[in-house]
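Residue strings, one per chain:
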Amino acid sequence: LDECPSQYQVLVLGSTGVGKSAIISQFTTSEFLGASDVHTDSEENKTSVSVILNQEESVLELFEENNVSTLNDNSDFQADAYMLVYSCADRSSFRSACATLRRLKEEAGGSKTVMIVANKVDLVRKRLVTSDDGKNFANSYNCKYIETSAALNHNIDELLAGVLSQIRLKQYGP
Ligand code: GDP
């Protein structure tokens, strides 16, 4: 049976330089990749990846956005989930993520699915934002937290699968 996979929109948010592009490009080499093509539409700044999780295929359309202040400009755009990325080696990217999350949660009465992504954990000696900082922040808004390194491809598959699981959980329930 050739069923059309469901398609979900994911907005990847975070300050410039935190590793959004690096994470997205690692997704395109994921072990969860499905049969459909991976493709990038640079005009729309969109990357589509097909993911097979629990024998079910879904297509995630990933949009990348640098600046939090542009969020309001396309307020019709309702993503199915958000990846909010900061760099463990950049305090200001963490503060900016905090501000963005506050706003995202206020906008929709707390119902949005947001994954907090602490990237660049490979930079151990340059680390300025601790795991506890990140976890407390995520917990206080009821969000999932994951530590990644796009450079080492660490936890990138888990991030992809985690976001899709959360989207499905919200759609179909546990
Ligand atoms: P974006 O502006 O958020 O899309 O960030 P980029 O993906 O362009 O990454 C900015 C810089 O950080 C690049 O030089 C990347 O190679 C580097 N980078 C991205 N992820 C990591 C990571 O996990 N660890 C390290 N050490 N560098 C990374």
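For the structure, see preceding data.
Computed from a predicted model, the values in this text were never measured in an experiment.

On to the site of the ligand, then. With respect to spatial proximity, 15 residues lie near the ligand, and among them Gly19, Lys20, Ser21, Ala22 and Ala151 are the closest. With three residues, helix H1 (residues 20–27) is the single largest residue contributor to the shell around the ligand. A per-class count over the shell around the ligand returns five nonpolar, seven polar and three charged.

The residue Glu158 is located in helix H4 (residues 156–172) in this model. By C-beta crowding, Glu158 is classed as partly exposed, having 13 other C-beta atoms within 10 Å.

Taken together, the seven strands give an open sheet; going across it, the order is E2-E3-E4-E1-E5-E6-E7, and neighbouring strands pair in mixed fashion. Either end of the sheet is taken by a strand with one partner, and the two such strands are strand E2 (39–41) and strand E7 (144–147). Averaged over all pairs of adjacent strands, the angle between strand axes in this sheet comes to 25°, irrespective of strand direction. Pairing of strand E1 (residues 6–13) with strand E5 (residues 81–87), which is carried by four bridges, proceeds in the parallel orientation. Across the sheet, residue Val12 finds its bridge partner in E5, namely Met83. In the packing of helix H2 (residues 91–107) onto the sheet, contacts are made with E1, E5 and strand E6 (114–119), and the angle to E5 comes to roughly 160°. Helix H3 (residues 131–140) contacts E6 and E7 of the sheet and is inclined by roughly 155° relative to E7.

We now examine the pairing of E5. Most of E5 sits out of view: seven of its seven residues are buried. Two strands pair when backbone bridges link them, and E5 and E6 are joined in this way by six bridges, in the parallel orientation. Along E6, the bridge assignment pairs Ser87 with Asn119.

Rules of the game
Residues numbered from 1 in each chain as written. Predicted model: local features only at pLDDT ≥ 70, side-chain atom pairs only at ≥ 80, totals over all residues. Near = placed C-beta within 6 Å. Helix = DSSP H or I, 4+ residues; strand = E, 2+ residues; numbered from the N terminus. Nonpolar A, V, L, I, M, F, W, Y, C, P; charged D, E, K, R; others polar. Buried ≥ 20, exposed ≤ 12 C-beta atoms within 10 Å, placed from the backbone. Pairing = 2+ DSSP bridges. Axes fitted to C-alpha atoms, helices over the stretch in contact; angles between N-to-C directions. Contact = placed C-beta atoms within 7 Å.

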